There are 2 protein chains.
Amino acid sequence: MSSKHFTPAVTIREVAEDAGVSVMTVSNVLRGRGRVGEDTRQRVLEAVERQGYRPNLTARALVERKAPTLALMLSCITNPFYPEFTLAANLSALKHERHLLVCNTDHELDRGTSFLQQVAGSLSDGVLVANYGNLPVEELIELQERGVPVVISVWELPDEPPGIPCVTFDSKGAARLAVEHLVELGHRRIGAIIGSRKNGIHRARYAGYQEVMREAKIRRLAADERFTEDSFDDGYRAATDLLSSRPDLTAIFVSNDLPALGVLNAASDLGYSVPEDLSVVGITDIVPARQSRPGLTTVAIPTKELAEKGIGLLVDLMNGRASDTTVIHTSAPRLIVRGSTAAPSND
Amino acid sequence: MSSKHFTPAVTIREVAEDAGVSVMTVSNVLRGRGRVGEDTRQRVLEAVERQGYRPNLTARALVERKAPTLALMLSCITNPFYPEFTLAANLSALKHERHLLVCNTDHELDRGTSFLQQVAGSLSDGVLVANYGNLPVEELIELQERGVPVVISVWELPDEPPGIPCVTFDSKGAARLAVEHLVELGHRRIGAIIGSRKNGIHRARYAGYQEVMREAKIRRLAADERFTEDSFDDGYRAATDLLSSRPDLTAIFVSNDLPALGVLNAASDLGYSVPEDLSVVGITDIVPARQSRPGLTTVAIPTKELAEKGIGLLVDLMNGRASDTTVIHTSAPRLIVRGSTAAPSND
């Protein structure tokens with residue numbers, strides 16, 4: 001695909017004139033119809049290029065048996081993680097000369113299924129799934145078995161590969177970094193707010209928290225843990241509930257930034273000063289984490305890399321350079337210390 | 001487009017069998033090739049429907065001369081306004097049985113031009129432009145003259161229609177509401193931070209501010225005004241600069257929420273208490289406006305309505321039910337009072 005600026009529309013007639021063939025022949029070449037000799041075909045394609053004729057992509061896709069878009073499925077575009085991911089995926093897709101068709105399933109399973117049914121393998125010849133949590137892996141495997149390239153990124157669970165090519169990061173290690181930070185600051189009364197069910201999507205993050213608590217010989221109490229949805233408001237509600245019943249906690253580990261930002265607001269509304277009375281740490285490093293006051297201490301996951309490697313893997317898969325069992329690991333998460341964590345006060 | 005759940009892949013052979021015709025005939029019907037009688041054509045299409053055969057959309061688009069997507073151009077998906085807008089546009093497009101192809105131009109003109117050149121009229125048969133500020137209207141008019149339906153939403157300037165169908169809102173009225181709120185609280189030392197050049201995209205908002213100041217007989221000083229970019233960081237920098245040189249301001253009108261949130265952080269970093277020492281008001285009501293502490297007082301613009309009416313107008317235009325001069329007005333902006341504004345203190 002060229003990226004020339006607009007010029008007055010070139011017609012198929014001008015292309016035909018330039019190539020010294022009939023309009024019908026140009027049309028046949030572009031649509032892959034009729035009998036056209038290879039020399040003529042080349043001459044037409046060169047004239048198309050020279051004149052800057054804007055080929056009908058839909059037609060060309062049919063001819064090349066290659067659709068001009070990649071599809072990105074995500075669950076919630078208004079969760080700040082996804083715009084950042086989408087931006088990086090978009091730029092990466094453009095480097096591979098594809099536009100990105102974005103499907104926001106809005107947490108509705110039907111919408112994702114319907115989207116896949118309608119675009120996978122036709123309008124888009126590859127699908128990057130960023131919200132595997134919302135879509136049964138079985139459906140993706142079925143799609144894959146039909147020959148449609150499917151890649152999952154972000155995959156949370158490096159130890160449990162999905163049977164679909166994926167890009168994964170060390171989610172358990174991210175949680176470990178976050179909780180180790182609290183322990184090193186001297187916290188012993190540490191609560192946890194997990195943005196999924198106990199055995200749900202954040203189970204590896206929960207396991208990382210458990211591990212560090214065990215290593216630090218801190219007794220975990222079920223009363224200090226909450227399992228909720230991965231949203232700002234759910235973080236707010238879970239923290240309000242948790243801090244009301246366990247007011248002597250000095251720190252809260254939250255499995256994701258968006259609910260962690262809700263926790264900051266809940267703490268403020270309950271009269272806690274952060275970090276003096278309560279430390280809060282999240283995971284991801286979404287943009288609002290650095291804009292909040294205090295800034296949110298968090299463990300940054302490589303969002304841009306996850307998007308870029310996801311698109312890269314999809315393209316590799318389409319070109320036969322990756323297989324159904326390819327698992328790509330990103331670089332390691334890293335701790336970003338901001339104003340929301342400090343040593344516990346002495347009282 | 002049906003939205004049935006996945007069933008084992010139906011082959012073209014099964015469709016042919018059901019319709020009592022050859023595979024070639026089914027293919028001809030789907031691709032619009034060859035000679036097929038109308039009765040046979042109907043029988044094939046019914047069999048396709050009955051079997052839940054997933055027609056190749058690219059092929060169907062060629063046959064129906066109708067592309068299966070609408071394109072949305074925006075400048076910056078990580079600006080929280082756009083995900084909210086995109087979500088609403090996406091849902092609205094789905095109601096019209098179209099997927100939404102999202103192009104994030106990332107503030108680069110070339111990228112928008114290249115996108116339009118590649119998809120408009122082929123892969124997408126209509127374009128909704130949400131970032132007209134970044135794209136010369138001339139290019140859109142040229143596109144329109146080529147027969148590609150183009151709609152602008154959001155159009156900021158109801159009094160200056162662009163010659164392209166658009167959805168507009170009363171941006172000057174929004175600014176008036178914001179500044180009137182400050183005046184009614186008793187503020188007289190009011191600064192302004194405008195997220196564009198003086199005669200740029202926010203000029204109607206600036207005019208609304210000027211009007212109310214004049215009506216309230218408050219002398220405006222150039223030293224109390226800053227013109228900057230429409231981002232969090234630029235709001236932060238502009239406020240730092242403004243408050244350093246004019247520390248006795250008691251209120252700041254900001255022409256958009258994102259820079260207004262940056263202003264809140266700058267005020268906090270300079271030691272101002274909001275709203276005790278300084279009131280801040282924005283425009284838009286993006287999600288972070290209600291999540292910040294204090295919450296941002298703002299004038300809500302009808303984001304969802306702008307997206308829905310934009311898609312609706314685009315579809316109307318494609319169906320000949322709107323013209324190049326159609327201008328649609330949304331409902332009026334409304335003031336949302338939160339914690340960032342209060343009466344000035346007496347000292």
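Conventions adopted
- Residues numbered from 1 in each chain as written.
- Chains lettered and ligands numbered in written order.
- Predicted model: local features only at pLDDT ≥ 70, side-chain atom pairs only at ≥ 80, totals over all residues.
- Heavy atoms only, no water.
- Helix = DSSP H or I, 4+ residues; strand = E, 2+ residues; numbered from the N terminus.
- Buried < 20%, exposed > 50% of the residue type's maximum accessible area, 1.4 Å probe, protein only.
- Contact = heavy atoms within 4.5 Å.
- Polar contact = N/O pair within 3.5 Å; in protein donor to acceptor, adjacent residues only side chain to side chain.
- Expected span 1.5 Å × (residues − 1).
- Pairing = 2+ DSSP bridges.
- Axes fitted to C-alpha atoms, helices over the stretch in contact; angles between N-to-C directions.
- Parallel < 35°, antiparallel > 145°, perpendicular 65-115°, else oblique.
- Left-handed = near helix turned anticlockwise from the far one by under 90°.
- Core = buried A, V, L, I, M, F, W, Y, C linked by side-chain atoms within 4.5 Å.
- Salt bridge = Lys/Arg side-chain N within 4 Å of Asp/Glu carboxyl O.
- Arc of directions from axis to C-beta.

The name that an unreviewed UniProt entry assigns to chain A is LacI family transcriptional regulator, with the source organism given as Trinickia terrae.

Chemist: Looking at this structure, I do not really get the overall build of chain A. What am I missing?
Modeler: Helix and strand content of chain A: 13 helices and 12 strands. Within chain A, the proportion of its 347 residues that are buried is 56%. Within chain A, contacts between residues at least 6 apart in sequence are counted, and of these 71% link residues at least 24 apart.

Chemist: Please clarify how the side chain of T168 of chain B should be interpreted in this entry.
Modeler: All names here are of chain B. Looking at the secondary structure, you find T168 in strand β5 (residues 166-168). On the accessibility criterion, T168 (0% relative accessible area) is buried. A polar contact of 2.7 Å, which involves the side chain of T168, links it to the backbone oxygen of W155. Apart from residues lying up to four places away in sequence, T168 is in contact with W155, E156, L157, P158, L306, V327, I328, H329 and T330.

Chemist: I keep staring at helix α13 (residues 303-318) of chain A and nothing clicks. Help me out?
Modeler: An α-helix turns once every 3.6 residues. As a result, residues three or four positions apart point the same way. In a regular helix each residue adds 1.5 Å, so 16 residues correspond to 22 Å; α13 of chain A covers 23 Å between its end C-alpha atoms and thus fits that length. Taken as a whole, α13 of chain A has its buried residues at T303, E305, L306, A307, G310, I311, G312, L313, L314, V315 and L317 of chain A.

Chemist: Can you walk me through the pairing of strand β3 (residues 124-129) of chain B in this structure?
Modeler: It is a general feature of regular strands that their side chains alternate between the two faces of the sheet. Residue and element names in this part refer to chain B. Among the 6 residues that make up β3, 6 are buried, leaving the element largely enclosed by the rest of the structure. Where strand β1 (residues 69-74) lies against β3, 4 bridges are found, and the strand directions are parallel. Among the inter-strand pairings, T69 is bridged to a residue of β3, identified as S124. Across 3 bridges, β3 lies against strand β4 (residues 150-155) in parallel orientation. In the strand pairing of β4, V129 is matched with I152.

Chemist: I keep staring at the packing of helix α5 (residues 81-95) of chain A against α13 of chain A and nothing clicks. Help me out?
Modeler: All names here are of chain A. Relative orientation of the contacting elements α5 and α13 amounts to 40 degrees, with a least axis distance of 8 Å. Accordingly, the angle class assigned to the pair α5 and α13 is oblique. Note that α5 runs across α13; the crossing there is right-handed. Here F81, E84, F85, A88, A89, S92 and A93 of α5 come into contact with α13, specifically with T303, K304, L306, A307, E308 and I311.

Chemist: Hey, could you run me through the sheet that holds strand β8 (residues 251-254) of chain A in this one?
Modeler: Hydrogen bonds between backbone groups are what pair the strands of a sheet, and the pairing can be parallel or antiparallel. Residues and elements named next belong to chain A. Across the sheet, 6 strands lie side by side as β7-β6-β8-β9-β10-β12; this open sheet has mixed pairing. Of all strands in the sheet, those bounded by a partner on one side alone are β7 (225-227) and β12 (334-336). Each strand axis lies, on average, 15 degrees off the axis of its neighbour in the sheet, ignoring direction. Where strand β6 (residues 190-194) meets β8, 4 bridges bridge the pair, whose relative direction is parallel. Pairing of A192 across the sheet is with F253, part of β8. Along the sheet, helix α9 (residues 203-215) contacts β6, β7, β8 and β9 (279-284); its crossing angle with β6, the most-contacted strand, is approximately 170 degrees.

Chemist: I'm lost on the sheet that holds strand β12 (residues 334-336) of chain B in this one. Help?
Modeler: All names here are of chain B. Strands sit in the order β7-β6-β8-β9-β10-β12 across an open sheet of 6 strands; the sheet is mixed. Each edge of the open sheet is held by one strand with a lone partner, namely β7 (225-227) and β12. Adjacent strand axes in the sheet meet at a mean angle of 15 degrees when their direction is disregarded.

Chemist: Any chance you could explain the nonpolar core here in plain terms?
Modeler: Across soluble globular proteins, nonpolar side chains have a tendency to be buried as a group. Within the largest apolar cluster, 140 residues are counted, with the highest numbers of intra-cluster contacts made by F85 and F253 of chain A together with F85 and F253 of chain B. Core analysis: the next-biggest nonpolar cluster, separate from the first, contains 44 residues, L116 of chain A together with C103, I152 and A204 of chain B among them.

Chemist: Would you mind showing me how to read the pattern of salt bridges here?
Modeler: Any two side chains of opposite charge can pair, given that their charged atoms come close. The tally for this structure, following the rule as stated, stands at 40 salt bridges over all chains. A salt bridge links R293 of chain A to D269 of chain B; the shortest N-O distance between them is 2.4 Å. Note that R293 of chain A is positioned in the loop between α12 (287-291) and β10 (297-300) and D269 of chain B in helix α11 (residues 257-269), a pairing that runs across two chains. Across the pair D316 of chain A and R321 of chain A runs a salt bridge whose closest N-O atoms are separated by 2.8 Å.

Chemist: Is there a simple way to explain the environment of A251 of chain B in this structure?
Modeler: Residues and elements named next belong to chain B. With respect to the helices and strands, the residue A251 is situated in strand β8 (residues 251-254). The class of A251 is buried, set by a relative accessible area of 0%. As a C-alpha pair, A251 and P275 span 24 residues in sequence and 8.7 Å in three-dimensional space.

Chemist: What is the right way to look at unusual backbone geometry in this model?
Modeler: Phi is mostly negative for residues that are not glycine, and the peptide bonds are mostly trans. That bond from V274 of chain A to P275 of chain A is cis: its omega, 10 degrees, falls within 30 degrees of zero. Residue position: P275 of chain A is located in the loop between α11 (257-269) and β9.

Chemist: Please clarify how helix α3 (residues 38-51) of chain A should be interpreted in this entry.
Modeler: All names here are of chain A. With 14 residues, α3 ought to run about 20 Å at 1.5 Å a step, and its terminal C-alpha atoms sit 20 Å apart, in line with that. Among the residues making up α3, those that are buried are V44, A47 and V48. What you see down the axis of α3 is that its buried residues fit within an arc of 105 degrees, all on one side. The exposed set on the far side of α3, more than 90 degrees from its buried face, consists of D39 and R50. Looking one or two places after α3, you find G52, whose phi comes out positive at around 65 degrees.

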